[in-house]
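Analysis of the macromolecular model
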Amino acid sequence: MAPPLVFPLPGNQVFAERLAVAVDGEIGELAMRDFPDGETYVRLESDPTGREVVVVATLRHPNEQVLPLLFVADAARQMGAARVGLVAPYLAYMRQDAQFHPGEAVTARSFAAFLSRTVDWLITVDPHLHRVAKLDDVYSIAATAIHVAAEMGAWIAANVASPILVGPDEESRQWVSNVAAAAKAPYLVLAKARRGDTDVSISEPDQRAVADHTPVLVDDIISTGQTMISAARQLAGDGGRPPVCVAVHAVFSLGAYLALEASGVAKIATTNTIAHPSNAIDVVPALAGPVREQLARAAR
Ligand code: R5P
């Protein structure tokens, strides 16, 4: 049987090449460009007929990435691909998971409905599951979340002396507790009040608990960086040590990385679900197994 064809969307080439090697796949050639009017031209230069297709697209800029993704997946299906799966190391639109004010779109559900019509299966890394407890609650396709707490914990254990892990808010508890177990380190969770996109305040930590440790802030996403910056301020106040910041997804909206660096944190380390200079933790090995399993399902 022909090996699976792995098509990287623009910007995902390096990640996709490593994943293709890890799952015994073959990189699919794809031509994509913008027409002068802004529409997208797509051509699959590798024939997907009868083959398993994996599209690799991290959704850091989802609004501009989903139409090209739809065109690639649809083209593969029309050309007779056996199945089309999506590996989205970062899965967007998970945070607006409820209606907080009348009239709001619950985009986590709408986006899941869109992707469920677009591909046959989905694998992602540590999606922001909060009020939506599991991907199956919103995705109608086989949707798998892999967790990289072990990889993050191993990085912390190898790189930080005497760490204490700190979750900046209640939502981070699920990540920080698992990462702390993997790092064999203690942890605590602070409380966050968010009044706006960039207006965040974090509760004061118990300085006795963090004394004699290096604080390591752990979260799933760094977007504006305000959560990390506010938490870092609280930890470093009163003569505390500046924290190391560790996150799964290096979203970093405009200027956020520089602002976080300038806030005096000791180090910033992220996984490579989104390519970024702060990447220090590789998730490809953790993704390879579940992708192989999904591909093997088709072969049965
Ligand atoms: C939200 O609850 C997430 O877990 C992160 O804490 C949040 O997305 C970080 O956002 P920002 O960097 O904009 O403060």
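Residues numbered from 1 in each chain as written. Predicted model: local features only at pLDDT ≥ 70, side-chain atom pairs only at ≥ 80, totals over all residues. Heavy atoms only, no water.

**Comments concerning the site of the ligand**
Near the ligand you find 15 residues, and of these Glu-171, Asp-219, Asp-220, Thr-224 and Thr-227 are the closest. At a separation of 2.8 Å, an oxygen atom of the ligand approaches a polar backbone atom of Gly-225. If the ligand stood free it would expose 380 Å²; the protein chains cover 94% of that surface. For the ligand, the cavity whose grid points lie within 2 Å of the majority of its atoms is the largest pocket. Secondary structure elements with two or more residues in the shell around the ligand: β11 (192-196), β13 (214-221) and α7 (226-236). Top contributing element to the shell around the ligand by residue count: β13, with 3 residues. Split by residue class, the shell around the ligand holds 2 nonpolar, 6 polar and 7 charged. (Near = heavy atom within 4 Å. Polar contact = N/O pair within 3.5 Å; in protein donor to acceptor, adjacent residues only side chain to side chain. Areas by Shrake-Rupley, 256 points an atom, 1.4 Å probe, with all protein chains shown as cover. 1 Å grid on protein atoms, 1.4 Å probe; cavity = no way out; pocket = protein on both sides within 12 Å on 5 of 7 lines; lining within 4 Å. Sits in = over half its atoms within 2 Å of the grid points. Helix = DSSP H or I, 4+ residues; strand = E, 2+ residues; numbered from the N terminus. Nonpolar A, V, L, I, M, F, W, Y, C, P; charged D, E, K, R; others polar.)

**Quick notes on the layout of surface pockets**
Within this model, the largest pocket holds a volume of roughly 1100 Å³. Along its surface, the largest pocket is lined by 43 residues, and Arg-95, Gln-96, Arg-194, Asp-197 and Ser-223 are the ones closest to its centre. Here the lining of the largest pocket gets 5 residues from one element, more than from any other, and that element is β11. Class assignment of the residues belonging to the lining of the largest pocket gives a composition of 15 nonpolar, 14 polar and 14 charged. In this structure, the second largest pocket spans a volume of roughly 330 Å³. Together, 21 residues line the second largest pocket, and Gly-11, Thr-58, Thr-273, Ile-274 and Ala-275 are the ones closest to its centre. No other element matches the 4 residues that helix α1 (residues 13-22) contributes to the lining of the second largest pocket. Its residues placed into classes, the lining of the second largest pocket shows 9 nonpolar, 10 polar and 2 charged. (Points joined across faces, edges and corners; volume = space filled by probe spheres on them.)

**A closer look at the pairing of β13**
Most of β13 sits inside the fold, with 8 of its 8 residues counted as buried. Bridging between β13 and strand β14 (residues 244-249) involves 5 bridges; their strand directions are parallel. The residue of β14 that forms the bridge with Leu-217 is Cys-245. Chirality of the crossover, the property in question, places the unit of β13, α7 and β14 among those that are right-handed. (Buried < 20%, exposed > 50% of the residue type's maximum accessible area, 1.4 Å probe, protein only. Pairing = 2+ DSSP bridges. Right-handed = clockwise from strand over helix to strand, strands pointing away.)

**A few points about unusual backbone geometry**
In the Ramachandran plot, Lys-184 falls in the positive-phi region, its phi being about 55° despite a non-glycine side chain. Of note, Lys-184 is situated in the loop between α5 (173-183) and β10 (187-189). Judged by its relative accessible area of 77%, Lys-184 falls in the exposed class. Unlike most non-glycine residues, Asp-212 shows phi in positive territory, near 70°.

**A few points about the packing of aromatic side chains**
Evaluated as defined, the whole model comprises 4 aromatic pairs. Measuring from ring centre to ring centre gives 5.9 Å for Phe-35 and Tyr-41, while their planes differ by 85°; the resulting arrangement is edge-to-face. The class for Phe-35 is partly exposed, based on a relative accessible area of 31%. With a relative accessible area of 30%, Tyr-41 lands in the partly exposed category. Here the aromatic cluster, defined as three or more aromatic residues joined through ring pairs, consists of Tyr-93, Phe-111 and Phe-114. Sitting over the face of the ring of Tyr-41, Arg-33 holds its NZ or CZ atom 5.2 Å from the ring centroid. (Phe/Tyr/Trp six-rings, centres within 6.5 Å; stacked < 30°, edge-to-face > 60°. Lys NZ or Arg CZ within 6 Å of the ring centre and 35° of its normal.)

**Focus on the sheet that holds strand β15 (residues 267-271)**
Across the sheet, 6 strands lie side by side as β10-β9-β13-β14-β15-β16; this open sheet has parallel pairing. Every interior strand has two partners, whereas the edge strands, β10 and β16 (279-281), have only one. Strand-to-strand, the axes of this sheet are offset by a mean angle of 30°, without reference to chain direction. As paired elements, strand β9 (residues 163-167) and β10 share 3 bridges and run parallel to each other. By the bridge assignment, Val-166 is partnered in β10 with Leu-188. (Axes fitted to C-alpha atoms, helices over the stretch in contact; angles between N-to-C directions.)

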